[in-house]
Amino acid sequence: SDRYVELYYALPWVGAVAVPINTRLAPAEVRAILEDAECETLVVDEVSLPGLETALGAAKVRLAFVGEGEPPTGMVGYETLAEAPPIDDVGRGGEDLYGIFYTGGTTGRSKGVMLSHRNILANQENVAGLADVSGWSDPVYLHAAPMFHLADLGSTFHVTAIGGTHAVVSRFDPGDVLRAIAEYRVTATMLVPTMINMLLQFPGLDRYDVSCLQFMTYGASPMPPAVMARAFEVFPGIQFMQGYGMTELSPMATFLDAAYHVVDGPRAGKLRSAGRAVGTAEVRVVDEHDRPVPTGTIGEVVVRGPMVMQGYWKQPELTARTIRDGWLHTGDAGYLDEDGFLFIVDRVKDMIISGGENVYSVEVEAALYAHSAVAMCAVFGIPDDRWGEAVHAVVVPRPGQAVTEAELIEFCRARIAGYKCPRGVSFQDTALPISGAGKILKNELRAPYWDGRARRVN
C-alpha cells in the first residue's frame, strides 16, 4: 500500500530498522523472523490479522494497524501515529543499518541481509546514472512486484528523488495491474518474468489501454526468450530494460538498457545477457579458487562495490564464506563477453550434472518455452542410477492445448544438445509454486524426487 512507501522513509527518520516480511509466509515463519530480528514493533493490516496470534507467539511487540477502519483492541492506529507532533530526524546514515531483508524460498532457509543507508543510496545512485531510466519524465511508477522485495524497493527511492508519483496495487493480479496502468496512466513499472508471462496470457488483455506505459524493467529471475519475443509483439511501444542482482547487492549489479532489447541488428546478440556493470559495481567471473577466468568461460559471478551488503544478520561464518576479499559471491554461474556484458547461465545450485556433463536448467527451460503449448515450466535434476542426475521438466500447458512428453522432448532435441533434453516430463493443470517474489520454487518441485536420498539438491 501507499503506507508501505511512507514507512520506508519514516522508520530511519526515528532511528528504527526496517524488516520487511514476505506476505506469503506462514505464521510460524513470520514468528521466526520476528524472533531472529528481535523486532519491537509489527505493522499489520486486516489481511495480516488471521494467524497473527500464532505469528506473535510469546513475542512482546507493539502492534500498529495500517488497515481500514478502527484498529483492533491493543493496536495503535496509523492515523493516530501520523497525527502525533513531528519529531526531529535522528540523523542516521552512512554505515548505520537501514534494514534487514530476509531472503529465502528458492534455495532453503531464510537469511537476514543487512543493508546500510550507504548500500541503499549506492543503488539509487546507480539507477540515476542509467541513461534510459534517468530520462523518465514525470514518471508514474506502479508497485506491482512485492514491496517487501528489493526488486521493487530498488526503484522506490529513485522515483521519489526525481519527483515521480507512486501508484500501488495490493498484490499482483494481471487484471488489477492492467486496470491500474490504465486508470493511473502508469508510465513505468518493474515485474519479474513470471508476472510478465502471466500478463501476456491474461484473457482480454487487448481491452486495456496501456498506451501510457513507457518503461518496463524486469529482473529477479531469467527471462525466457519466447516470453520476451511475445512481450515485444504485444507491447511494441514499451522500452524494456533488465536489472540483474540480488538482495545482497541492494539489489542491482548489472543493467541492460532498452537499446539492446532488439532482435536484429548489431546489438541483437546482447539481448540474452544481463547487461554491463552499473556505475559503482565491479563484476568478475571466477573459478573455484576465486581466480578470474578468461572471457567467455563460465564461472561464478562475483561483485564488489558500495552496494555489497554489510553481512548476514547473526551469521558471521556465512558472511565470511559469501564475501571474500571484498567480493560478494553470488552463487550464479555465468560468463563475460569481450564487451563486458554478463551472461547468466544458471544458479550454481540449479546446475544439473548428468553423466559428467553440466546442464543449465535455464537453457532447457528456454527451449520448452518456445513451444506454443507451454504456459509455465521448471527444469531440475532428479536422481538417476546410471547418470547420477537426470534432467526432468514440470510443465503447465496453456488452457485448451494438449502436448505429450514425447513431443516436448523431441521439440527440445531440435534446439539443444541431446544430453540437455529432459528425460522425463511431468504435467500439471495448476500453476507452479511461486515465491512471494514471483520466482518458481524449484526446491518444492524437486524435493519429492530426492526424499530419503543421502545426497540432496538444494
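Residues numbered from 1 in each chain as written. Predicted model: local features only at pLDDT ≥ 70, side-chain atom pairs only at ≥ 80, totals over all residues. Heavy atoms only, no water.

1. A short note on the overall build of the protein chain
Item 1. Per the secondary structure count, the protein chain includes 14 helices and 23 strands.
Item 2. For a compact globule of 458 residues, the expected C-alpha radius of gyration is about 23 Å, and the protein chain comes in at 22 Å, within 12% of that figure.
Item 3. Structurally, the protein chain occupies a C-alpha span of about 70 × 50 × 45 Å along its principal axes.
Item 4. Considering only intrachain contacts with a sequence separation of at least 6, the fraction spanning at least 24 residues in the protein chain is 62%.
Item 5. Side-chain charges in the protein chain split into 38 positive and 56 negative, and the spacing between the mean points of these groups amounts to 6 Å. (Helix = DSSP H or I, 4+ residues; strand = E, 2+ residues; numbered from the N terminus. Rg over C-alpha atoms; globule rule 2.2 N^0.38 Å. Contact = heavy atoms within 4.5 Å. Lys, Arg positive; Asp, Glu negative; His and termini not counted. Charge placed at Lys NZ, Arg CZ, Asp CG, Glu CD.)

2. Description of the sheet that holds strand 21 (residues 374-384)
Item 1. Taken together, three strands build an open sheet; the order of strands is 21-22-23 and the sheet is mixed. Either end of the sheet is taken by a strand with one partner, and the two such strands are strand 21 and strand 23 (424-427). Here the average twist between neighbouring strands, direction ignored, is 25°.
Item 2. Of the pairings in the sheet, the one linking strand 21 to strand 22 (residues 388-397) comprises ten bridges and is antiparallel in character. Along strand 22, the bridge assignment pairs aspartate 384 with glycine 388.
Item 3. Its contacts with the sheet put helix 13 (residues 405-413) on strand 21, strand 22 and strand 23, and the angle it makes with strand 23 is roughly 130°. (Pairing = 2+ DSSP bridges. Axes fitted to C-alpha atoms, helices over the stretch in contact; angles between N-to-C directions.)

3. So, the packing of aromatic side chains
Item 1. Applying the stated criterion to the full structure yields eight aromatic pairs.
Item 2. Considering the side-chain rings of tyrosine 9 and phenylalanine 157, the 5.1 Å spacing of their centres and the 70° angle between planes classify their relative orientation as edge-to-face. Placement of tyrosine 9 in helix 1 (residues 2-13) and of phenylalanine 157 in helix 7 (residues 150-161) is noted, with a sequence separation of 148 residues between them.
Item 3. On the basis of relative accessible area, tyrosine 9 is assigned to the partly exposed category, the value being 33%. (Phe/Tyr/Trp six-rings, centres within 6.5 Å; stacked < 30°, edge-to-face > 60°. Buried < 20%, exposed > 50% of the residue type's maximum accessible area, 1.4 Å probe, protein only.)

4. Examining empty space enclosed by the protein
Item 1. On inspection of all chains with the given rule, the structure shows one cavity of 30 Å³ or more.
Item 2. For the largest cavity, the calculated volume is near 40 Å³.
Item 3. Along its surface, the largest cavity is lined by Ile120, Asn123, Gln124, Leu150, Leu153, Gly154, Phe157 and Ser250.
Item 4. Per-element accounting of the lining of the largest cavity gives the leading share, four residues, to helix 7.
Item 5. Classifying every residue of the lining of the largest cavity gives four nonpolar, four polar and no charged. (1 Å grid on protein atoms, 1.4 Å probe; cavity = no way out; pocket = protein on both sides within 12 Å on 5 of 7 lines; lining within 4 Å. Points joined across faces, edges and corners; volume = space filled by probe spheres on them. Nonpolar A, V, L, I, M, F, W, Y, C, P; charged D, E, K, R; others polar.)

5. Regarding the sheet that holds strand 4 (residues 97-103)
Item 1. Strand order across the open sheet formed by three strands is 4-5-15, with antiparallel pairing between neighbours. A single partner strand is all that each edge strand has here, and the edge strands are strand 4 and strand 15 (311-312).
Item 2. Looking at chain direction, strand 4 and strand 5 (residues 111-116) are connected through six bridges and run antiparallel. In the sheet register, leucine 97 faces strand 5, and the bridge partner there is serine 116.

6. Here's the deal with helix 2 (residues 27-36)
Item 1. Among the residues making up helix 2, those that are buried are Val30, Ile33 and Leu34. Looking straight down helix 2, one finds that the buried residues subtend no more than 100° of arc, so they occupy a single side.
Item 2. Contacts from the buried residues of helix 2 go to strand 1 (41-44), helix 3 (52-56) and strand 4.
Item 3. Two residues or fewer past helix 2, glutamate 38 is found with a positive phi of approximately 55°. (Arc of directions from axis to C-beta.)

7. Describing the side chain of threonine 330
Item 1. Relative to the assigned elements, threonine 330 resides in strand 17 (residues 327-336).
Item 2. Polar contacts involving the side chain of threonine 330 include one to the main-chain carbonyl oxygen of valine 301, which spans 2.7 Å.
Item 3. In terms of polar contacts, threonine 330 uses its side chain to reach the backbone amide nitrogen of aspartate 332, at 3.0 Å.
Item 4. Residues in contact with threonine 330, not counting those within four places in the same chain, are Tyr244, Met246, Leu249, Glu300, Val301, Val303 and Arg347. (Polar contact = N/O pair within 3.5 Å; in protein donor to acceptor, adjacent residues only side chain to side chain.)

8. A few points about the packing of helix 1 against helix 7
Item 1. Contact pair helix 1 / helix 7: the axes reach a minimum separation of 12 Å and the direction vectors enclose 80°. In terms of orientation, helix 1 lies roughly perpendicular with respect to helix 7. Between helix 1, through Val5, Tyr8 and Tyr9, and helix 7, the contact on the second element is made entirely by Leu153, Thr156, Phe157 and Thr160.
Item 2. Residues belonging to the contact of helix 1 with helix 7 are distributed by class as follows: five nonpolar, two polar and no charged. (Parallel < 35°, antiparallel > 145°, perpendicular 65-115°, else oblique.)

9. Comments concerning the confidence of the model for the protein chain
Item 1. Of all residues in the protein chain, 96% have pLDDT values of 70 or greater, and the mean over the chain is 89.
Item 2. Taken together, the stretch residues 454-458 has pLDDT below 50 and engages in eleven contacts with residues farther than four places along the chain or on a different chain. (pLDDT = per-residue confidence, 0-100.)

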